[in-house]
Amino acid sequence: MFREATTPSPTIYRHDYQAPAFWIDTVDLTFDLDPAKTRVLNKMTLRRNPDVPAQPLRLDGEELNLARVLVNGQGTSFKLEGDQLVLENLPEGADPIALEIFTTCNPSKNTELMGLYTSEGGFFTQCEAQGFRRITYFLDRPDVMATYKVTLRAEKKAYPVLLSNGNLLEQGDLEDGRHFAVWHDPFRKPSYLFALVAAPLVAREQRIVSRGGKEHLLQVFVRPGDLDKTEHAMQALLQSIAWDEARFGLALDLERFMIVATSDFNAGAMENKGLNIFNTKYVLAKPSTATDDDYDGITSVIGHEYFHNWTGNRITCRDWFQLSLKEGLTVFRDQEFSEDLAGSPSARAVCRIGNVRGLRAVQFSEDSGPMAHPVRPDQYQEIANFYTATVYEKGAEVVRMYQTLVGRDGFRKGMDLYFQRHDGQAVTCDDFAQAMADANPDSALAAQLEVFKRWYSQAGTPVLHASGSYDAAAQTYTLTLRQSCPATPGQPAKQPFLIPVRMGLIGRDGQALPLQLQGDTGTPLLERVLVLHDTEASFTFADIPEAPVPSLLRQFSAPVWLELQGEDEAAQLHRLAHDSDAFNRWEAAQRLMMAQAVSAVQASEMPAQVLNASTLDALRAVLRNPALDAAFKQLVLTLPDELEIAEELDSVDPQRIKMVSEALCQQVAHALAEDWLSLYEAHENTGAYVPEPVSAGRRALANLALENLCRIARDSGDVVWPGKAYQRFKDASNMTDRMGALRALLEGQSVLAQPALERFHALFQDEALVLDKWFRLQATRNDLDGKVLGQVRALLQHKDFHLSNPNRVRSLITAFCHANPGAFHRADAAGYVFWADQVLALDGINAQIAARLARAMDHWKRLAEPYRSAAGEAIRRVAAKPDLSADVREVVSRALQ
Ligand code: PHE
Ligand code: ZN
């Protein structure tokens, strides 16, 4: 499919929103499915929107061949203007209008995977955000909601399963070996929630009766060989249904809920009404092929898509600028779901730490680069570029702050009011905020709603500067909080944010001090939430008997950078040893290590040791503390990585950072050698595999210990530990242990790494998702000798590598460019040449995947020389291609601005 070499796509602005000139009430679609030429008959009834001045009907369409247009059964005049079908002479005053459009399209040539496409002998659709217009001409915008009836016709043998949204009305055989199915979705929905599937699939099924006594059929459709990997997905779906009823009173509203897995998919999964379509990565799992992280990912994505049925589908977005209305809220819901499933306070903290790490790694980084945008963006060229960590993960933090401000019960009241007001509507982020505030009229949220809403309008990560002073004579402790926020593209100056700061004070003996704000009379609390809504505020606590150590931003109560002014190492060590908040305990260790890593990077000469003795002692104490569980220990001992260190620096020398990171890893391996040994021995045997938090924590810690033991062996020339790792790799009964052992061999630069990789491939050559791991491991391996780029290039030629499969591209190319900075940023610029070549090659196949890869250069302006000049040259080479997709064009032109 060729794009014209024209001027860049126009910018769309949030403030230009206008209601549609027509409503579409019903849609009756008939598909004659054929890979090369699918025929689509679209019969709709339309009505003029009386609130909008009369104007022609403009329908969106892309890559369609138009055969016929009828209005009320008659031929009509029409124009094709760019991608739009324009009807100027619709009959006056005769609503509803019956419009019939007949088009064809070519699913087998659809490598963008938007609209109707073929994959592994089946038909699938992806319509969010603007894929429906690649199926038929339509008002392809989320505020136009219609009821759909869908007839599918296809060859029966090749496509035995025919699915669409809603309920199955009828199915049967046709002549010539074809068959049909008719589906009807009783709920009005925007076109982006339409879906169909026609493929040779089988289903795991489960019938349930919900609390209200209604019967439902749940189905998970996969390829026949994959049925043994669907148990966990079904389990997660059952848990999701129960959780949404229990926590939010939201019940399944459909007779049937279907999940379909496909291996060609641009994203993780899609919440089409009643017919969720998933990347196989988030459905398929069995112990021998999936890791603990994979199991967790499945639980949260199944939850996420299921929760969209209410937050996204029943109440949808008015326009795409409101995307976080459904995504931020639904990510928050899936995070709460995963935490509730995890159970124990400590397992919940482990969940939270994982989410915050992800947020900081991706979203904070996005917020400090050329693609920075508010949670509710003001403009875009290509909406697909705005399915970002900011809209999703920061959006989820914004929703979490409502809950922090109004409490769990208050949040539930706000949700209830939101549904009471808006069920069945397409609404805005403001509508959600208003419901939360109105349901909690006495809260800090309601008092400062306009200030709170700046989280939606202002980009950038605020910095919270905190300083404390103790007055021994008055027995008071005064905490001063001040905020600032760096400029972001288009937003040079910011107004203050409303920042909830969950906090406590820790006494010298490690005990929490009771908190009584001066002038306050209530019972003292051990923890409270301070609210900063100005540039600066001070809070004085009375009856504080000694200088305390503050613990601020507990549970990461706001998405900000925290700067603790004048705080010494002793205070951090005190928090690491005593904080009652597990998140802040972990955070204390991270800060200690990060500060020392950063000074090692900045030192004129590379220091012999990165960490000082007191930090190492503290880490050792964590490992030896019997009261802490394995998962938490593993997280504390997960060292700041190269990308995290780079994020702290104004001028980034990736090779210098790599050296420091490497030195840090080796130092921790050697300094804690005895502990790695005993931890490995204590945790190596995790018994029969069950994907649950306690044993997963033990596996994670055993794998970390093994990796460190292999790192030690690398320096000492010892062959025993690599040998043990190889044995463990061979004998592993589950993928978590197998991958852990393989990674240990790679990190230890063992000669056994290569044979292990080969064996891994031989064992799993028929398991696509495991092959993805195999490619990713090699793309992200520690590059001590500068050979990884060459290996990645060679892997592009591997028989199992396909540029048209997004999972494969992400595993090899995207992983290398985004997640292996030490290998990617080469002084000879070869990494950047590779990047440009791959972006250009992919852009002709799948623009969304190309644009994601393009973002590996977001931070090029912060690179030191010679990296910066070479990176700039590579970006300009991409930008110079005349027929670049809108997706990649937007990313590279922002980078160059
Ligand atoms: N709406 C999907 C989700 O968040 C994500 C998605 C966006 C999938 C665009 C495909 C295309 O669950
Ligand atoms: Zn979503």
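Every chain is numbered on its own, with residues counted from 1 as its sequence reads. Chains and ligands are labelled sequentially in the order written, the chains with letters from A and the ligands with numbers from 1. Given that this is a predicted model, residues contribute local features only at a pLDDT of at least 70 and side-chain atom pairs are listed and counted only at 80 or more, while totals for whole chains, interfaces and linings are drawn from all residues. Note that the side-chain values use all heavy atoms of the structure and ignore hydrogens as well as water.

1. With respect to the overall build of the protein
Applied cut-off: The numbering of helices and of strands both runs from the N terminus, where a helix is a DSSP run of H or I of at least 4 residues and a strand a run of E of at least 2. The size measure is the radius of gyration over C-alpha atoms, and the globule rule it meets is 2.2 Å times the number of residues to the 0.38 power. Classification of residues uses two cut-offs on accessible area relative to the type maximum, computed with a 1.4 Å probe and protein chains only: under 20% is buried, over 50% is exposed, and between them is partly exposed.
Summing up its helical and strand segments, the protein has 28 helices and 31 strands in all. Computed over its C-alpha atoms, the radius of gyration of the protein comes to 28 Å, within 12% of the 29 Å expected for a compact globule of 897 residues. Reported as C-alpha extents along the three principal axes, the dimensions of the protein are approximately 90 × 70 × 60 Å. For the protein, the proportion of its 897 residues judged to be buried stands at 60%.

2. Focus on the sheet that holds strand S13 (residues 161-164)
So the rule is basically this: The criterion for strand pairing is that DSSP finds at least two bridges linking the strands in question. Only the stretch in contact is used when a helix axis is fitted, and all axes are lines through C-alpha atoms; the angle between N-to-C directions ranges over 0 to 180 degrees.
Reading across from one edge, S10-S11-S16-S13 is the order of the 4 strands in this open sheet, with antiparallel pairing throughout. Two strands lie at the open edges of the sheet, namely strand S10 (115-119) and S13, each paired on one side alone. Averaged over all neighbouring strand pairs, the angle between strand axes comes to 20°, with direction disregarded.

3. Concerning the packing of helix H4 (residues 345-367) against helix H11 (residues 582-602)
The test is simple: Orientation labels follow simple angle bins: below 35 degrees gives roughly parallel, above 145 gives roughly antiparallel, 65 to 115 gives roughly perpendicular, and whatever is left gives oblique. Take the far helix as the reference: if the near one is turned anticlockwise from it by less than a right angle, the crossing is left-handed, and if turned clockwise, right-handed. Note on contacts: a residue pair is in contact if any heavy atoms of the two residues lie within 4.5 Å. Three categories are distinguished: nonpolar for Ala, Val, Leu, Ile, Met, Phe, Trp, Tyr, Cys and Pro, charged for Asp, Glu, Lys and Arg, and polar for the others, with Gly belonging to the last.
Between H4 and H11, the least distance of the axes is 9 Å, while the angle of their chain directions is 50°. In terms of orientation, H4 and H11 fall into the oblique class. The crossing of H4 and H11 is right-handed. On H11, the residues that touch Ala 349, Arg 352, Ile 353, Val 356, Arg 357 and Arg 360 of H4 are Ala 582, Phe 583, Trp 586 and Glu 587. For the contact of H4 with H11, the class distribution of residues is 6 nonpolar, no polar and 4 charged.

4. A closer look at helix H15 (residues 654-671)
Test applied: Given the number of residues in a helix, its expected span is that number minus one, multiplied by 1.5 Å.
Relative to the 26 Å expected for 18 residues at 1.5 Å per residue, H15 spans 25 Å between its end C-alpha atoms, a close match to the ideal helical length. Counting buried positions along H15 gives 13 out of 18 residues, so the element sits mostly inside the fold.

5. Side note on the coordination of the zinc ion (ligand 2)
Let me state the cut-off plainly: Donors, by definition, are the N, O and S atoms found within 2.8 Å of a metal, the threshold being 3.2 Å for Na, K and Ca, and water is not counted, so a site can look incomplete. Geometry is assigned from donor-metal-donor angles: four donors are tetrahedral when every angle falls between 85 and 135 degrees, four are square planar and six octahedral when opposite donors sit over 155 degrees apart with all other angles between 65 and 115, and any other arrangement is irregular.
Of the protein atoms, only His 304 (NE2), His 308 (NE2), Glu 327 (OE) and Glu 327 (OE) coordinate the zinc ion (ligand 2), at distances of 1.9 to 2.8 Å. In this structure, the zinc ion (ligand 2) is coordinated by 6 donor atoms arranged in irregular fashion, with angles at the metal of 47 to 162°. Sequence positions of the donors to the zinc ion (ligand 2) reduce to the motif H-x3-H-x18-E. Placement of His 308 in helix H2 (residues 292-308) and of Glu 327 in helix H3 (residues 323-342) is noted, with a sequence separation of 19 residues between them. On the accessibility criterion, His 308 (0% relative accessible area) is buried.

6. Considerations on unusual backbone geometry
For the bond from Glu 128 to Ala 129, the omega torsion is 0°, close enough to zero to count as cis. Topologically, Ala 129 is positioned in the loop between strand S11 (122-126) and strand S12 (145-155). The residue Glu 63 is not glycine, and still its phi comes out positive at about 55°. If you check the backbone angles, Asp 543 has positive phi at about 55° while not being a glycine. For Asp 543, the position within the fold is in the loop between strand S29 (536-541) and strand S30 (549-552).

7. What about the domain arrangement of the protein?
By a frequent convention, interface size equals the accessible area lost on bringing the separate parts together. Note the cut-off: Note that the domain bounds reflect an automated or database-derived domain assignment.
Considered domain by domain, the protein is made up of domain 1 (1-200), domain 2 (316-456) and domain 3 (463-567). Taking only C-alpha atoms, the centre of domain 1 and the centre of domain 3 are 54 Å apart.

8. Quick look at the nonpolar core
Under the convention used in this document: Working definition of a nonpolar core: buried Ala, Val, Leu, Ile, Met, Phe, Trp, Tyr and Cys residues. They are joined through side-chain atoms within 4.5 Å.
Ranked by size, the top nonpolar core spans 280 residues in total, and within it Phe 411, Phe 541 and Trp 835 carry the most contacts. Per-element accounting of this core gives the leading share, 14 residues, to helix H5 (residues 389-422). Beyond its immediate chain neighbours, meaning those up to four positions away, Phe 541 contacts Gln 475, Thr 476, Tyr 477, Leu 479, Met 503, Leu 505, Leu 515, Gln 516, Leu 517, Arg 528 and Leu 530.

9. Looking at the pairing of strand S27 (residues 499-506)
Counting buried positions along S27 gives 8 out of 8 residues, so the element sits mostly inside the fold. Burial along S27 is two-sided: Ile 499, Val 501, Met 503 and Leu 505 facing one way and Pro 500, Arg 502, Gly 504 and Ile 506 facing the other are all buried. Strand direction decides the pairing type here: S27 and strand S28 (residues 528-532), joined by 5 bridges, are antiparallel. Looking across to S28, one finds that Val 501 is bridged to Leu 530.

10. Section: the sheet that holds S27
Taken in spatial order, the 3 strands of this open sheet run S28-S27-S30, and their pairing is antiparallel. Sheet topology places S28 and S30 at the edges, where each strand pairs with a single neighbour. Each neighbouring strand pair of the sheet contributes to a mean axis angle of 40°, computed without reference to strand direction.

11. Notes on the packing of aromatic side chains
For clarity, the cut-off: Centre distance within 6.5 Å is the pairing criterion for rings of Phe, Tyr and Trp, where only the six-membered ring of Trp is used; planes under 30 degrees apart are then read as stacked, over 60 as edge-to-face, and the remainder as tilted.
Inspection of every chain in the model, using the stated rule, returns 40 aromatic pairs. Each ring, one from Phe 123 and one from Tyr 159, has its centre 4.9 Å from the other, and the planes form 55°; the classification is tilted. A residue pair is termed long-range when its members are at least 10 positions apart, and Phe 123 in strand S11 and Tyr 159 in the loop between S12 and S13 qualify at 36 residues. You can call Phe 123 buried: its relative accessible area is 0%. Taking the centre distance of 5.6 Å and the plane angle of 45° together, the rings of Tyr 295 and Tyr 689 count as tilted.

12. Some points on the site of ligand 1
Test applied: Throughout, the term near means that a residue has one or more heavy atoms lying within 4 Å of the molecule or strand in question. As used in this structure description, the phrase polar contact means that two N or O atoms lie within 3.5 Å; if the pair is within protein, one of them must be able to donate a hydrogen and the other to accept it, and residues adjacent in sequence are counted only when both atoms belong to side chains. Here, Shrake-Rupley sampling with a 1.4 Å probe gives the accessible areas, and only protein chains in the shown set may cover a residue.
Close contacts around ligand 1 come from 13 residues, with Glu 128, Glu 271, Glu 305, Glu 327 and Tyr 392 the closest. A distance of 2.5 Å separates a nitrogen atom of ligand 1 from a polar atom in the side chain of Glu 128. Glu 305 is positioned with one of its side-chain polar atoms (N or O) 2.7 Å from an oxygen atom of ligand 1. In isolation ligand 1 has 330 Å² of accessible area, and contact with the protein removes 92% of it. Among the elements of the structure, strand S20 (269-270), H2 and H3 are those that each provide at least two residues to the shell around ligand 1. When grouped by side-chain class, the residues that make up the shell around ligand 1 number 5 nonpolar, 3 polar and 5 charged.

13. Topic: the environment of Glu 648
Structurally, Glu 648 can be placed in the loop between helix H14 (642-647) and H15. Overall, the relative accessible area of 39% leaves Glu 648 in the partly exposed class. C-alpha of Glu 648 to C-alpha of Gln 483: the two residues are 165 residues apart in sequence and 18 Å apart in space.

14. A closer look at the packing of helix H18 (residues 720-731) against helix H20 (residues 753-764)
In a packed pair of helices, the relevant descriptors are the angle between the two axes and the axis-to-axis distance. Relative to each other, H18 and H20 sit at 0°, their axes nearing to 11 Å. When the interaxial angle is binned, H18 and H20 end up roughly parallel. Packed against H18, whose contacting residues are Tyr 726, Phe 729 and Lys 730, the element H20 presents Pro 755, Ala 756, Arg 759 and Phe 760 at the interface. When grouped by side-chain class, the residues that make up the contact of H18 with H20 number 5 nonpolar, no polar and 2 charged.

15. Some thoughts on the side chain of Thr 151
Relative to the elements of secondary structure, Thr 151 occurs in strand S12. With sequence-adjacent residues up to four places away left out, Thr 151 is seen in contact with Leu 29, Thr 30, Phe 31, Ala 181 and Val 182.

16. Overview of helix H6 (residues 429-439)
Every buried residue belonging to H6 is among Cys 429, Phe 432, Ala 433, Ala 435, Met 436, Ala 437 and Ala 439, and all of these are buried. Tucked into the core, H6 has its buried residues touching H3, H5, helix H7 (444-447), helix H8 (449-452) and helix H9 (454-457).

17. Overview of the pattern of salt bridges
The criterion, for reference: The salt bridge criterion pairs a side-chain nitrogen of Lys or Arg with a carboxyl oxygen of Asp or Glu, the two atoms within 4 Å.
Taken as a whole and assessed by the stated rule, the structure comprises 65 salt bridges. The salt bridge partner of Glu 81 is Lys 79, with a shortest N-O separation of 3.2 Å. With a shortest N-O distance of 2.9 Å, Asp 185 and Lys 189 are connected by a salt bridge. Relative accessible area serves as the criterion here: at 0%, Asp 185 is assigned to the buried category. Shared partners join several salt bridges into a network, and the residues in it are Arg 247, Glu 336, Glu 339, Asp 340, Arg 348, Arg 400 and Arg 408.

18. Concerning the environment of Ala 768
As for its placement among the helices and strands, Ala 768 is situated in helix H21 (residues 768-779). On the basis of relative accessible area, Ala 768 is assigned to the partly exposed category, the value being 41%. Residues Ala 768 and Glu 397, 371 residues apart in the sequence, show an inter-C-alpha distance of 34 Å.

19. With respect to the environment of Pro 806
Tracing the chain through its elements places Pro 806 in helix H23 (residues 806-819). Residue contacts for Pro 806: discarding those within four places in its chain leaves Leu 113, Asp 264, Phe 265, Asn 266, Asn 846 and Ile 849.

20. Thoughts on the side chain of Arg 826
Assignment of secondary structure puts Arg 826 in the loop between helix H24 (821-824) and helix H25 (830-843). In terms of polar contacts, Arg 826 uses its side chain to reach the backbone carbonyl oxygen of Gly 786, at 3.0 Å. Polar contacts involving the side chain of Arg 826 include one to the side chain of Asp 828, which spans 2.9 Å. Dropping the residues within four chain positions of it, Arg 826 is found in contact with Gln 655, Gly 786, Leu 789, Gly 831 and Tyr 867.

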